[in-house]
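One-letter residues, chain by chain:
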Amino acid sequence: WGGPSWQSSLGMIGLAWAAHLREKHLDEDTLALVRELTWREADHLEKKIPSGNQGNTQSEDCTWNTPLLAFAANKHADHPRAARWDELCKQWAINALSTKDDARSTELVDGRPLGEWIVSENVYPDLTIENHQMWSVGYQCSSQLFGEGALAYRVFGRPVPEAYSHHAD
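Residues numbered from 1 in each chain as written. Predicted model: local features only at pLDDT ≥ 70, side-chain atom pairs only at ≥ 80, totals over all residues. Heavy atoms only, no water.

Asker: Tell me about the overall build of the protein chain, and please be specific about residues and values.
Answerer: When you go through the protein chain residue by residue, the secondary structure sums to 8 helices and 4 strands. Scanning the protein chain from its N terminus toward the C terminus, one meets helices and strands in the order α-α-α-α-α-β-β-α-β-β-α-α. What you see for the protein chain is a C-alpha radius of gyration of 16 Å, in line with the 15 Å of a compact globule of 169 residues. Taken along its principal axes, the extent of the C-alpha atoms in the protein chain is 50 × 35 × 25 Å. Counting every position in the protein chain, which comprises 169 residues, the buried fraction comes to 46%. (Helix = DSSP H or I, 4+ residues; strand = E, 2+ residues; numbered from the N terminus. Rg over C-alpha atoms; globule rule 2.2 N^0.38 Å. Buried < 20%, exposed > 50% of the residue type's maximum accessible area, 1.4 Å probe, protein only.)

Structure representation (structure tokens):
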């Protein structure tokens, strides 16, 4: 596994879903290990959300963390930290597509003014994203990873947070 580290949640989410989908075929030791790794990875995301700079908006770094948090919060809803993982999921999602103006917004998102969620600026005012000093369709579409997070909410019977639709239009 090698985590938790900078990009480990991007790979860990596949392991978590695979174990969930095959859990009837896995032994308890394997399931316990996957649970522990999922929880550790979710806890690792209780860290500073990066803010972008010219040439690297950091948006994609934020988007790839939301599915793991969504999965952990929903699959393990009885875990003592599940509510915190859910909050972190929303905050990472909102900040993935945050602009300078969002920090002053009073628009309500998931029950709180948008400005209260904002801790970073990760897209340009026109909502474009850059990485490696370049614009690319792949980076513009990185929020597609929100779909995997939304799936976790739906599979486990909870509503998808409004955070996933922030700047979606």
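Back to the write-up after that little detour.
Asker: Any details on helix 1 (residues 8–21)? Residues and values, ideally.
Answerer: Between its first and last C-alpha atoms helix 1 spans 20 Å; for 14 residues at 1.5 Å apiece the expected length is 20 Å, and the two agree. The inward-facing, buried residues of helix 1 abut helix 2 (28–44), helix 4 (66–75) and helix 8 (146–155). (Expected span 1.5 Å × (residues − 1). Contact = heavy atoms within 4.5 Å.)

Asker: Quick rundown of the nonpolar core? Include the residues and the values.
Answerer: If you look at the biggest cluster of nonpolar residues, it comprises 37 residues, and the most contacted ones within it are Leu69, Trp85, Trp92, Ile94 and Tyr164. Of all the secondary structure elements, the ones that give two or more residues to this core are helix 1, helix 2, helix 4, helix 5 (82–96), helix 6 (114–117) and helix 8. Ranked by residues supplied to this core, first place goes to helix 5 with 8 residues. Apart from the residues lying within four places of it in its own chain, the contact partners of Tyr164 are Thr66, Pro67, Ala70, Cys89, Ala93, Phe146, Gly149, Ala150 and Tyr153. (Core = buried A, V, L, I, M, F, W, Y, C linked by side-chain atoms within 4.5 Å.)

Asker: An account of unusual backbone geometry is requested, with residue identities and associated values reported.
Answerer: Positioned with a positive phi, Leu127 is a non-glycine residue whose angle comes to about 70°. Summarising the element assignment, Leu127 is placed in the loop between helix 6 and strand 3 (130–131). One non-glycine residue, His167, lies in the positive phi region at around 60°. Mapped onto the fold, His167 is located in the segment after helix 8.

Asker: How would you summarise the packing of aromatic side chains if you had to cite specific residues and measurements?
Answerer: Evaluated as defined, the whole model comprises 6 aromatic pairs. Ring geometry for Trp6 and Trp64: centres 5.6 Å apart, planes at 75°, overall edge-to-face. One end of the pair, Trp6, is in the segment before helix 1; the other, Trp64, is in the loop between helix 3 (59–63) and helix 4, with 58 residues separating them in the sequence. For Trp6, a relative accessible area of 56% translates into the label exposed. Summarising the aromatic geometry, the rings of Phe71 and Phe156 are spaced 5.9 Å apart at their centres and angled 80° between planes, so their arrangement reads as edge-to-face. Remark: Phe156 occurs in the segment after helix 8 and Phe71 occurs in helix 4; sequence separation between them is 85 residues. On the accessibility criterion, Phe71 (2% relative accessible area) is buried. For Phe156, a relative accessible area of 23% corresponds to the partly exposed category. (Phe/Tyr/Trp six-rings, centres within 6.5 Å; stacked < 30°, edge-to-face > 60°.)

Asker: Describe the packing of helix 1 against helix 4, and please don't skip the residues or the numbers.
Answerer: In the contact formed by helix 1 and helix 4, the axes pass within 8 Å of each other and the chain directions differ by 35°. As for the relative orientation of helix 1 and helix 4, their crossing is left-handed in sense. Touching Ser9, Met12, Ile13, Ala16, Trp17 and His20 of helix 1 are Pro67, Leu68, Phe71 and Lys75, all from helix 4. Among the residues making up the contact of helix 1 with helix 4, the classes are represented as 7 nonpolar, 2 polar and 1 charged. (Axes fitted to C-alpha atoms, helices over the stretch in contact; angles between N-to-C directions. Left-handed = near helix turned anticlockwise from the far one by under 90°. Nonpolar A, V, L, I, M, F, W, Y, C, P; charged D, E, K, R; others polar.)

Asker: Outline the pattern of salt bridges, listing residues and values.
Answerer: Within the structure shown, the criterion is met by 11 salt bridges. With its nearest N and O atoms 2.9 Å apart, the salt bridge here joins Glu23 to Lys75. With Glu23 in the loop between helix 1 and helix 2 and Lys75 in helix 4, this pair connects stretches of sequence that are 52 residues apart. By relative accessible area, which is 23% here, Lys75 ends up partly exposed. (Salt bridge = Lys/Arg side-chain N within 4 Å of Asp/Glu carboxyl O.)

Asker: An account of the side chain of Thr38 is requested, with residue identities and associated values reported.
Answerer: Note that Thr38 resides in helix 2. Of the residues examined, Thr38 reaches a relative accessible area of 1% and is grouped as buried. Those residues in contact with Thr38, other than ones at most four positions away along the chain, are Met12, Ala16, Leu68, Phe71, Ala72 and His76.

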